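Given next are the chains, with one letter for each unit.
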Amino acid sequence: MYEGHRSVLMIYTGGTIGMIENLETGALEAFNFEQISKAVPELKRFNYTIDTIQFPNPIDSSDMVPEHWVTMAHIIEDNYEKYDGFVILHGTDTMAFTASALSFMLEGLTKPVVLTGSQLPIGKLRTDGKENLITAIEIAADANEDGTAKIPEVVIFFDSQLMRGNRTFKINAENFNAFTSRNYPILANAGIHIKYAGDEHILKPKPGTKLQAHYHIDPNVAVFSLFPGIQEHIVRHILSDPTLKGVVLRTFGSGNAPQLPWFVDAVKEAIDRGVTIVNVTQCATGAVEMERYETGKHLLDVGVISGHDTTVEAALTKLMLLLGEGYDLAKVRRLMHTSLAGEITV
Ligand code: ASP
């Protein structure tokens, strides 16, 4: 175990963890960090340096926009040398989007960025927030014997499980196990001990890797789900929007879609106009294999890109970042097939 002094920066963005009840409406509203530090006096017992930066106006994560991701990435980049790890307190609703975006924005990360939050406010007796916060800090500070970070990745810690951020999605609006990891093993389990997965599952930065943050995000993208009975005028309306640059198409099974000629034409016309369309399955596990069925192959033939086994959150934020960089279409296509931060298995 590494014995040197450790330091962690907490970034408080809002979310249920720090919310209190509005006495007039009964609704939960984001509150300031003092609420949390008062409720968790245990924070003083860590023998690490723990500092905090809070968003000027903490928010419910349903109000999160790409500018907030930029703010978080800037805070991390500006404080990168000063701290060994970072903990982001965030609402659960869009936590998987933020974790995915940050995993692409923070290229060359060698330190942990651990997102966590809770399903019950920290002021409630049965809160899950205390446990999540305390363990997230421990993981953010954890190091190998040589002082390198145990988890040099953007991750989500929730309900005893540590997950690669860009593999997660929210599965539960009620119970404490709010997240699951799609098509990728858990990186650690926190029981009596924190048990990390084998090295082969954790990203390993090359020696000498330097952090390179990316801040350009193009939000002119859309996610749309197929369903039986989908209407031509609605699909055409979305796909013909002149500002549209990328689409995550949520398909059936292993990447299948209706073979209706109008549908194939509409998809082809959009791709020919320069829109990048990525195929992600609606299934919770498994991967897109467009060559497997006739109903998938026609998408491949007109130029739809496979999202492989990625989440919608990762495909969408990756697309936003690649389009934001201004890469040409061939490069966007190539990088969508490349694992940039462990988000796809190829
Ligand atoms: N609505 C809340 C949020 O995402 C839910 C939570 O934090 O669990 O900010």
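Values in this document were obtained by computation on a predicted structure and should not be read as measured data.

### Side note on the layout of surface pockets
By volume, the largest pocket is sized at about 620 Å³. Of all the secondary-structure elements, those providing two or more residues to the lining of the largest pocket are helix 3 (95-105), strand 6 (106-107), helix 8 (312-324) and helix 9 (329-336). Tallied by class, residues from the lining of the largest pocket come to 13 nonpolar, 7 polar and 9 charged. Counted as a void, the second largest pocket has a volume near 480 Å³.

### Quick word on the site of the ligand
Lining the immediate environment of the ligand, one finds Gly-15, Thr-16, Asp-60, Ser-61, Gly-91, Thr-92, Asp-93, Ser-118 and Gln-119. Here an oxygen atom of the ligand and a side-chain polar atom of Thr-92 are 2.4 Å apart. The separation between an oxygen atom of the ligand and a polar main-chain atom of Ser-118 is 3.2 Å. Look at the ligand: alone it shows 270 Å² of surface, and the protein chains cover 90% of it. Residues belonging to the shell around the ligand are distributed by class as follows: no nonpolar, 7 polar and 2 charged.

### Quick word on the packing of aromatic side chains
According to the stated counting rule, one finds 6 aromatic pairs in the structure shown. With a centroid separation of 5.3 Å and 70 degrees between ring planes, the pair formed by Phe-158 and Phe-179 is classed as edge-to-face. Of the two residues, Phe-158 sits in strand 8 (residues 154-158) while Phe-179 sits in strand 11 (residues 179-181), which places them 21 residues apart along the sequence. Assigned by exposure class, Phe-158 and Phe-179 land together as buried. For the pair Trp-262 and Phe-263, a centre-to-centre distance of 5.9 Å together with 85 degrees between the ring planes defines the contact as edge-to-face. Overall, the relative accessible area of 16% leaves Trp-262 in the buried class. Classification of Phe-263 by relative accessible area gives buried; the value is 0%. Grouping aromatic residues by their ring pairs yields a cluster made of Tyr-80, Tyr-83 and Phe-86. When the ring centre of Tyr-184 is taken as origin, the NZ or CZ atom of Arg-164, which lies over that ring, is 4.2 Å away. Its guanidinium or amino end placed over the ring of Tyr-327, Lys-331 lies 4.1 Å from that ring's centre, counting from NZ or CZ.

### Re helix 3
Among the 11 residues in helix 3, 10 count as buried, and that is most of the element. Buried within helix 3 we find Met-95, Ala-96, Thr-98, Ala-99, Ser-100, Ala-101, Leu-102, Ser-103, Phe-104 and Met-105.

### Considering the sheet that holds strand 1 (residues 7-14)
Taken in spatial order, the 8 strands of this open sheet run 4-1-5-7-8-9-12-13, and their pairing is mixed. What marks the edges here is a single partner per strand, and that holds for strand 4 (49-59) and strand 13 (194-196). For this sheet, the mean inter-axis angle between neighbouring strands, taken without regard to orientation, is 20 degrees. Bridge analysis of strand 7 (residues 113-116) against strand 8 gives 3 bridges, and the strand direction is parallel. Bridge assignment links Leu-115 to a residue of strand 8, and that residue is Ile-156. The strands touched by helix 3 within the sheet are strand 5 (85-89), strand 7 and strand 8, with strand 8 carrying the most contacts at an inclination of about 155 degrees.

The rules behind each value
Residues numbered from 1 in each chain as written. Predicted model: local features only at pLDDT ≥ 70, side-chain atom pairs only at ≥ 80, totals over all residues. Heavy atoms only, no water. 1 Å grid on protein atoms, 1.4 Å probe; cavity = no way out; pocket = protein on both sides within 12 Å on 5 of 7 lines; lining within 4 Å. Points joined across faces, edges and corners; volume = space filled by probe spheres on them. Helix = DSSP H or I, 4+ residues; strand = E, 2+ residues; numbered from the N terminus. Nonpolar A, V, L, I, M, F, W, Y, C, P; charged D, E, K, R; others polar. Near = heavy atom within 4 Å. Polar contact = N/O pair within 3.5 Å; in protein donor to acceptor, adjacent residues only side chain to side chain. Areas by Shrake-Rupley, 256 points an atom, 1.4 Å probe, with all protein chains shown as cover. Phe/Tyr/Trp six-rings, centres within 6.5 Å; stacked < 30°, edge-to-face > 60°. Buried < 20%, exposed > 50% of the residue type's maximum accessible area, 1.4 Å probe, protein only. Lys NZ or Arg CZ within 6 Å of the ring centre and 35° of its normal. Pairing = 2+ DSSP bridges. Axes fitted to C-alpha atoms, helices over the stretch in contact; angles between N-to-C directions. Contact = heavy atoms within 4.5 Å.

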